[in-house]
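Below, each chain spelled out in residue letters.
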Amino acid sequence: GGLTFCALIVMSIVAIVEIERGELIKARVRMQHARSVIERSESAYGHAWVAILTACIEIGQARPNVADALLAEGRNKVVAMIGEDAGVVATLDFVHARALLDLGRATEASALAARGLESAARHGILTSLEQGLVASVASWRGAQDGPDEAKLSLVANAYPTRGASLLAACKV
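Reference entry: report on the structure contained in this document.

Points about the overall build of the protein
Looking only at helices and strands, the protein features 9 helices and 0 strands. Traced from its N-terminal end to its C-terminal end, the protein shows the element sequence α-α-α-α-α-α-α-α-α. Since a compact globule built from 172 residues should have a radius of gyration of about 16 Å, the 15 Å found for the protein is in line with a globular shape. The C-alpha extent of the protein, read off along each of the three principal axes, is 45 × 35 × 30 Å. Scored against the burial criterion, the 172 residues of the protein give a buried share of 47%. As displayed, the protein offers around 8200 Å² of accessible surface, 57% of which is attributable to carbon and sulfur atoms.

Okay, here's the thing in structure tokens:
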């Protein structure tokens, strides 16, 4: 119940710090523990964030195929629990766009990046923002129907200062 969800939150926060420090192996172990904790829970948000953070680790370790499978499975579970319109589903899509981009599936990545970008200013963390911004900028370059720079800036500036720095780095 509540204690399980608190343990998940603590593990996730520590994993976010480890991801940010580049300690992906430690973060992977932490998220494996989080996954075993969340399996005993009916929390859609818990399932979503375990999938999101674990996928960020997999992307960081150049395993987009594993991230793709995790995010597809997580999305299906979360949509069945709380529906397609939940903000966390858009965050799953935003991160999934990056995995698909890395797999060379640019058209699918572009669609998910656009979906995730719609709510990214209201839902997510810097770790998920980074993945979605990379996919969004890649979709935007040379595309007639990609997100415009103003929309990307609006999303990036909704986060702490580092959001704008991430966007600038994506454009290089």
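After that view, the rundown keeps rolling.
Things to note about the pattern of salt bridges
Enumeration according to the criterion identifies 14 salt bridges in this entry. For the salt bridge of Glu-58 with Arg-63, the shortest nitrogen-to-oxygen distance reads 2.5 Å. Under the relative-accessibility criterion, Glu-58 is labelled buried at 4%. Between Lys-151 and Glu-118 there is a salt bridge, with its nearest N and O atoms 2.4 Å apart. Here Glu-118 lies in helix α6 (residues 106–119) and Lys-151 lies in helix α8 (residues 149–156), a separation of 33 residues in the sequence. Connected via shared salt-bridge partners are Arg-75, Glu-84, Asp-93 and Arg-115.

Considering helix α9 (residues 162–171)
Burial in α9 covers these residues: Gly-163, Leu-166, Leu-167 and Cys-170. One face of α9 carries all of its buried residues, which in axial projection span an arc of 100 degrees. Lining the buried residues of α9 we find α7 (126–140) and α8.

Some words on the environment of Glu-118
Given the relative accessible area of 48%, Glu-118 is considered partly exposed. Residues Glu-118 and Val-29, 89 residues apart in the sequence, show an inter-C-alpha distance of 32 Å. At 2.4 Å, the side chain of Glu-118 forms a polar contact with the side chain of Lys-151.

Section: a nonpolar patch on the surface
A surface patch of nonpolar side chains, about 310 Å² in accessible area, is lined by Phe-5, Ile-9, Ile-13 and Val-17. Here Val-17 is to be found in helix α1 (residues 2–21).

The rules behind each value
- Residues numbered from 1 in each chain as written.
- Predicted model: local features only at pLDDT ≥ 70, side-chain atom pairs only at ≥ 80, totals over all residues.
- Heavy atoms only, no water.
- Helix = DSSP H or I, 4+ residues; strand = E, 2+ residues; numbered from the N terminus.
- Rg over C-alpha atoms; globule rule 2.2 N^0.38 Å.
- Buried < 20%, exposed > 50% of the residue type's maximum accessible area, 1.4 Å probe, protein only.
- Areas by Shrake-Rupley, 256 points an atom, 1.4 Å probe, with all protein chains shown as cover.
- Salt bridge = Lys/Arg side-chain N within 4 Å of Asp/Glu carboxyl O.
- Arc of directions from axis to C-beta.
- Contact = heavy atoms within 4.5 Å.
- Polar contact = N/O pair within 3.5 Å; in protein donor to acceptor, adjacent residues only side chain to side chain.
- Patch = residues over 30% accessible without salt bridge, like charges linked within 9 Å, V, L, I, M, F, W, Y side chains within 5 Å.

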